[in-house]
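Examination of the molecular architecture
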Amino acid sequence: MNPTILRRAQIVLLVLGMVVTTMGLVLVAGCHRNDSQIDDNMATVMADVVSADRLHAAVNFQTVDGDFHSPRLGLLYPTELTQGQRISVEYDVTNPDLARPAGRNWTLAIVPALSIMVVGWLVVGALMVLLAEINRRMLARGSAQADGDSADPEVAAEQEDGAIAR
């Protein structure tokens, strides 16, 4: 493999690893920012869980001004909720779409972010090792072919004639 191509592939893989790391950090920072917004203008109400799965929970609740609201994108940190459950929800009074179950915060995002980063770097590392192995085998094959060519009697004779002529 051409050393320039190998180096460029390695750089691309490292950049991908850095992008995945940045995504994990932005995930945690975004959760912290959302929680700060909720904490600055917090109201707590009881809400009904309309639907729930591992990654999403839709709820309905009545805001302090009397309006019924269902956050457009669901709750933050929706794990372990079931349909029909009645839970306490903390939300931002100025933006009721920003809501979370009471008692949950941004620290719940650390484990998923770390797992994204670890898996990303494992994939990058495996691809780097694979590239290095492919390069090693190509170099070994090229070396073996060069050695194998001199085993051919005609090539060996030409190499000897070239050596004598020098």
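Here goes a summary of the coordinates provided. Note that the structure is a prediction, hence the values are computed from the model and not measured. (Residues numbered from 1 in each chain as written. Predicted model: local features only at pLDDT ≥ 70, side-chain atom pairs only at ≥ 80, totals over all residues. Heavy atoms only, no water.)

A few points about the nonpolar core
Put simply, the rule is: Throughout this description, the term nonpolar core refers to a set of buried Ala, Val, Leu, Ile, Met, Phe, Trp, Tyr and Cys residues connected via side-chain atoms within 4.5 Å. Each residue's exposure class comes from its accessible area (1.4 Å probe, protein chains only) as a fraction of the maximum for that residue type: buried when under 20%, exposed when over 50%, partly exposed otherwise. Per the convention used, a helix needs a DSSP run of H or I reaching at least four residues, while a strand needs a run of E reaching at least two, with both numbered from the N terminus. Contacts are assigned to residue pairs that have any heavy atoms within 4.5 Å of one another.
Formed by 13 residues in total, the largest nonpolar core has its most connected members in V59, F61, L75, I87, V89, Y91 and A99. Within the residue set of this core, elements represented by two or more residues are β1 (42-52), β2 (57-62) and β4 (86-92). In terms of residue count, β1 provides more of this core than any other element does, four residues in total. Not counting residues up to four positions away in its chain, the partners in contact with I87 are V45, M46, A47, V49, L75, L81 and P101.

Comments concerning the pairing of β1
Going by this rule: A pair of strands is considered paired only if DSSP assigns at least 2 bridges between the two.
The pairing of β1 with β4 spans seven bridges and is antiparallel. Across the sheet, D48 pairs through a bridge with R86, a residue of β4. Looking at chain direction, β1 and β2 are connected through five bridges and run antiparallel. Looking at β2, one finds that A47 is bridged to F61. Here β1 folds back onto β2 in antiparallel fashion, the turn holding four residues.

A short note on helix α1 (residues 3-40)
The α-helix winds at 3.6 residues per turn, so residues separated by three or four positions along the chain end up facing the same way. Operational definition: Here the expected span of a helix is defined as 1.5 Å times the quantity of residues minus one. Polar contact is the term for a pair of N or O atoms within 3.5 Å; when the atoms are in protein, one must be able to donate a hydrogen and the other to accept it, and sequence-neighboring residues count only if both atoms are side-chain atoms.
Counted at 1.5 Å a residue, the expected span for α1 with its 38 residues is 56 Å, and the 55 Å between its end C-alpha atoms agrees. Along α1, the residues classified as buried are L6, Q10, L13, G17, G24, V28, C31, N34, D35 and I38. A distance of 2.9 Å separates the backbone nitrogen of T4 from a side-chain oxygen at the start of α1, and that oxygen is part of N2.

A word on the layout of surface pockets
As a reminder of what qualifies: Only protein atoms enter the 1 Å grid used here. Points where a 1.4 Å probe fits but cannot escape make up a cavity, open sets with protein on both sides within 12 Å along at least five of seven lines make up a pocket, and a residue lines them when an atom lies within 4 Å of a point. Grid points are joined across faces, edges and corners, and a volume is the space filled by probe spheres set on the points. Under the scheme applied here, ten amino acids are nonpolar (Ala, Val, Leu, Ile, Met, Phe, Trp, Tyr, Cys and Pro), four are charged (Asp, Glu, Lys and Arg), and all others, including Gly, are polar.
Looking at the largest pocket, its volume works out to about 400 Å³. Residue assignment for the lining of the largest pocket shows that the elements contributing at least two residues are α1 and α2 (110-149). Residues of the lining of the largest pocket, tallied by class, amount to ten nonpolar, one polar and one charged.

Observations concerning the sheet that holds β1
One open sheet holds the five strands; their spatial order is β3-β2-β1-β4-β5, and the pairing between them is antiparallel. Two strands lie at the open edges of the sheet, namely β3 (68-69) and β5 (95-101), each paired on one side alone. As defined by bridge partners, β2 adjoins β3 across two bridges and the pair is classed as antiparallel. Counterpart to Q62 in the pairing with β3 is F68.

Focus on the environment of S70
Residue placement: S70 occurs in the loop between β3 and β4. Spatially, the C-alpha atom of S70 lies 7.2 Å from that of D97, the residues being 27 residues apart in sequence. Setting aside residues no more than four positions away along its own chain, S70 makes contact with V59, N60 and D97.

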